[in-house]
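# Architecture at a glance
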Amino acid sequence: MPDQESTRRTVVIGNWKMHKTGAEGVALATEIVARLRPGRAEVAVAPPFTALAPVADAIRGSSVALAAQDVFHEREGAFTGAVSAPMLAAAGCSIVLVGHSERRHVFGDGDEDIGRKALAVLDAGMRPVVCVGETLEQRDAGGAENVVRSQVGAVVAGLSETQRTRLTVAYEPVWAIGTGRTATPDTAEAMHRVIRSSLATIAGPGTAERTPILYGGSVKGDNAGAILAGANVDGLLVGGASLRADSFLTICHAAG
Ligand code: PGA
């Protein structure tokens, strides 16, 4: 058997959510760049829109990549408050989160919106990280697997073969985000296997094997290693623990 883990990228993304001004973001990013040890994991930070440009300057020339937390699917026009994929690419982003649970639940993004966002990100030459995950009610009702299968399917079915080569998925159970309640390594691995098998069904075994699947939800320095040990866990999407260099770097270094 080939070592399948080694054929996929390992990715760690710090999602700063609605935290950090430009100056605060520069301070954090500068410290991450200075102290990050080279390793096999690709490391990215996702500041709020207003901090993207200054953080892009702070990480220029380093191995740290710039990610955006969201995007609007149109290229330009009368869409007050929105930011387009070409604008994010021009600001230095190479990765964009789409469908984060806070976008789904606080802002009402549906599967169709998320599919359009993923396409816009790909069209602008960046990589979408499609976030999926069930709520506690859905899990308790036994529906967790169906929820993530349908969230994955809704986006991936609309992508071409080539577009699928640039896809990343993040499994983020809603009940684990910001709650301090992490999925156990076994639960995370089981759900990542479900996602990989639905990728295989929708897009074929090649896409399924190639696509990095990240875990997110109360990842901390002391649980990152155990979660990453899952054969289908290819990286981490980190919220709260990405807001301080110490805790974020511990997690990045746990990823190798
Ligand atoms: P958390 O957030 O690490 O604070 O739980 C994860 C995320 O929402 O990306």
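Right above here is the structure, for reference.
The present account deals with the structure reproduced in this document.

Calculation criteria
- Residues numbered from 1 in each chain as written.
- Predicted model: local features only at pLDDT ≥ 70, side-chain atom pairs only at ≥ 80, totals over all residues.
- Heavy atoms only, no water.
- Buried < 20%, exposed > 50% of the residue type's maximum accessible area, 1.4 Å probe, protein only.
- Helix = DSSP H or I, 4+ residues; strand = E, 2+ residues; numbered from the N terminus.
- Pairing = 2+ DSSP bridges.
- Axes fitted to C-alpha atoms, helices over the stretch in contact; angles between N-to-C directions.
- Contact = heavy atoms within 4.5 Å.
- Near = heavy atom within 4 Å.
- Polar contact = N/O pair within 3.5 Å; in protein donor to acceptor, adjacent residues only side chain to side chain.
- Areas by Shrake-Rupley, 256 points an atom, 1.4 Å probe, with all protein chains shown as cover.
- 1 Å grid on protein atoms, 1.4 Å probe; cavity = no way out; pocket = protein on both sides within 12 Å on 5 of 7 lines; lining within 4 Å.
- Sits in = over half its atoms within 2 Å of the grid points.
- Nonpolar A, V, L, I, M, F, W, Y, C, P; charged D, E, K, R; others polar.
- Points joined across faces, edges and corners; volume = space filled by probe spheres on them.
- Salt bridge = Lys/Arg side-chain N within 4 Å of Asp/Glu carboxyl O.
- Parallel < 35°, antiparallel > 145°, perpendicular 65-115°, else oblique.
- Left-handed = near helix turned anticlockwise from the far one by under 90°.

### Topic: the pairing of strand β8 (residues 235-238)
Within a regular strand, side chains alternate between the sheet's two faces. Residue alternation in β8 divides its side chains into two sets, Gly235 and Leu237 and Leu236 and Val238, and both sets are buried. Pairing of strand β1 (residues 10-15) with β8 involves 4 bridges; the strand directions are parallel. Paired with Val11 across the strands is Gly235, a residue of β8. Inspection of the sheet shows strand β7 (residues 213-216) paired to β8 by 3 bridges, in the parallel sense. Along β8, the bridge assignment pairs Tyr215 with Leu236.

### Thoughts on the sheet that holds β8
Within a beta sheet, neighbouring strands are joined by backbone hydrogen bonds and run either parallel or antiparallel to one another. Around the barrel, 8 strands lie side by side as β1-β2-β3-β4-β5-β6-β7-β8; this closed barrel has parallel pairing. With direction set aside, neighbouring strand axes in the sheet form an average angle of 25°. Pairing of strand β2 (residues 41-46) with strand β3 (residues 65-68) involves 2 bridges; the strand directions are parallel. Bridge assignment links Ala44 to a residue of β3, and that residue is Ala65. Across the sheet, helix α9 (residues 185-203) lies against β5 (127-132), β6 (168-171) and β7, angled at about 145° from β7, the strand it touches most.

### Quick look at the site of the ligand
Around the ligand there are 14 residues in total, and Lys17, His100, Glu172, Gly178 and Ser218 lie nearest to it. Contacts to the ligand include Lys17, whose side-chain N or O atom sits 2.7 Å from an oxygen atom. Glu172 places a side-chain nitrogen or oxygen 2.8 Å from an oxygen atom of the ligand. Protein contact buries 97% of the 280 Å² of open area that the ligand shows by itself. The pocket occupied by the ligand, as judged from atoms lying within 2 Å of grid points, is the second largest pocket. Among the residues making up the shell around the ligand, the classes are represented as 5 nonpolar, 7 polar and 2 charged.

### Topic: empty space enclosed by the protein
This model, assessed by the stated rule, comprises 1 cavity of 30 Å³ or more. The volume enclosed by the largest cavity comes to roughly 40 Å³. If you go around the largest cavity, the residues you meet are Gly99, Ser101, Arg104, His105, Cys131, Val132, Gly133, Gln151, Glu172 and Val174. Counting residues per element, the lining of the largest cavity draws most heavily on helix α4 (residues 101-106), at 3 residues. Here the lining of the largest cavity is built from residues that sort into 3 nonpolar, 5 polar and 2 charged.

### Remarks on unusual backbone geometry
With a phi close to 85°, Lys20 is a non-glycine residue in the positive phi region. Here Lys20 lies in the loop between β1 and α1 (22-35). The partly exposed category is assigned to Lys20, whose relative accessible area is 25%. Positive phi outside glycine occurs at Ser218, with the angle close to 55°. Within the secondary structure, Ser218 is located in the loop between β7 and α11 (224-228).

### A few points about the pattern of salt bridges
Across all of its chains, the model carries 19 salt bridges by this definition. Arg35 is paired through a salt bridge with Glu31; the nearest N and O atoms lie 2.7 Å apart. Of this pair, Arg35 and Glu31 both sit in helix α1, separated by 4 residues, roughly a single helical turn. Note that Arg104 is salt-bridged to Asp111, the shortest N-O span being 2.9 Å. One network of salt bridges, in which partners are shared, links Arg8, Arg196, Glu209 and Asp234.

### Points about helix α12 (residues 245-254)
For α12, the complete set of buried residues consists of Ala245, Ser247, Phe248, Leu249, Ile251 and Cys252. Those residues of α12 that are buried lie in contact with β1, α1, β2, α11 and β8. Gly256 sits one or two residues past α12 and shows a positive phi near 105°.

### Considering the packing of helix α5 (residues 111-123) against helix α7 (residues 144-156)
Packing of α5 against α7 leaves a shortest axis separation of 8 Å and a crossing angle of 45°. In terms of their interaxial angle, α5 and α7 are classed as oblique. Judged by the sense of rotation from one axis to the other, the crossing of α5 with α7 is right-handed. Here Asp111, Ile114, Gly115 and Ala118 of α5 come into contact with α7, specifically with Ser150, Gln151, Ala154 and Val155. A breakdown of the residues in the contact of α5 with α7 according to their chemical character gives 4 nonpolar, 3 polar and 1 charged.

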